[in-house]
Amino acid sequence: MLATNAWWNAIDPQLLKQIDELLCTGRLIQAVVLLRQEGGLQPPPGLYEAQDLLIERRVELDRQGLVEPEPPPPTTAQLIEKADAITAPILAVEAFWDGDTQGWCVDLVAIVSRPGRNRDHFDEVPLTVLRHGGDVRLFNGRVPPWPEAQQAIEQGQAVARHVGVPFHFTNPEAPDVDLPRWWDTQPT
């Protein structure tokens, strides 16, 4: 922590203000880039070290009440409205695991019949991303179960019932990005 305090004290106050603004609005990656490129720290922090430093800083800013709260997840009614606004034919509603620098999340999408970036006949339209905390939950013993998976099942099934299509979630029990998607189950 002593090195961390020395680093924060060495950063230009205007730059620190910019970094704090990015952190308070949830833009960790942009804050990492700014810290590494313009922080003037010697030696400059590596990518993971900068990320860890900024996550600690964000926690401190959050303690001070400066971090913008996450918006509430959409309601099932809002997701149904979003699905009703899709103009391409919906073939399925799918939930699948994804991850980023903050941890695991579940993407809820509508699979539609049109050429997409990954498939010739299918594309996906995002409905929402569900996240109930970062990976620190793993170390605190708060997961499993994964509440974002349960929410994805409940809301995804409701949206699928509403539009009259199947719901697909390969493995809600454990995060994994190498699982088959709905379109992998379809004949070619």
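In the block above lies the structure referred to throughout.
One numbering rule holds for all chains: residues counted from 1, following each sequence as written. The predicted origin of the model limits local features to residues at a pLDDT of at least 70 and limits the giving and counting of side-chain atom pairs to 80 or more, whereas totals for whole chains, interfaces and linings rest on all residues. Calculation of side-chain values draws on the structure's entire complement of heavy atoms; hydrogens and water are dropped beforehand.

### Remarks on the pattern of salt bridges
Put simply, the test is: The term salt bridge refers to a side-chain nitrogen of Lys or Arg lying within 4 Å of a carboxyl oxygen of Asp or Glu. By the criteria applied, helices consist of DSSP H or I runs no shorter than four residues and strands consist of E runs no shorter than two, each listed in order from the N terminus. The cut-offs for exposure are 20% and 50% of the maximum accessible area for each residue type, with area from a 1.4 Å probe on protein chains only; residues under the lower value are buried, those over the upper are exposed, and the others partly exposed.
In this structure the tally under the stated criterion is 6 salt bridges. One salt bridge connects glutamate 60 with arginine 63, and the closest N-O pair in it is separated by 3.0 Å. Separated by 3 residues within a single helix, glutamate 60 and arginine 63 lie in helix α4 (residues 47-63), roughly one turn from each other. A relative accessible area of 63% places arginine 63 in the exposed class. Where arginine 181 meets glutamate 94, a salt bridge forms, and the shortest distance between an N and an O atom there is 2.9 Å. Highlighted residues: arginine 181 in the segment after β4 (167-168) and glutamate 94 in strand β1 (residues 90-100), separated in sequence by 87 residues. For the pair shown, arginine 181 and glutamate 94 are each scored as buried. Three or more residues are tied together by salt bridges with common partners; here these are Glu94, Glu124 and Arg181.

### Looking at the nonpolar core
Our working rule: Among buried residues, the Ala, Val, Leu, Ile, Met, Phe, Trp, Tyr and Cys ones that are joined through side-chain atoms within 4.5 Å form a nonpolar core. Note on contacts: a residue pair is in contact if any heavy atoms of the two residues lie within 4.5 Å.
Ranked by size, the top nonpolar core spans 24 residues in total, and within it Ile86, Ile90, Val93, Leu127, Val159 and Phe169 carry the most contacts. Ranked by the residues each element gives to this core, the list is headed by helix α7 (residues 147-163), at 5 residues. Contacts of isoleucine 90, omitting those with residues within four sequence positions, involve Ala83, Ala110, Ile111, Val112, Val163 and Val165.

### Notes on α4
Because an α-helix completes one turn every 3.6 residues, residues spaced three or four positions apart along the sequence face the same direction. The test is simple: Here the expected span of a helix is defined as 1.5 Å times the quantity of residues minus one. Working note: the arc is built from the helix axis to C-beta atom directions.
Here α4 is 17 residues long and its end C-alpha atoms lie 24 Å apart, about the 24 Å a rise of 1.5 Å per residue gives. Burial in α4 covers these residues: Ala50, Gln51, Leu53, Leu54, Arg57 and Leu61. With its buried residues spanning 165° around the axis, α4 presents them on a single face. When the buried face of α4 is taken as reference, the exposed residues oriented beyond 90 degrees from it are Tyr48 and Arg63. Looking one or two places after α4, you find glycine 65, whose phi comes out positive at around 75°.

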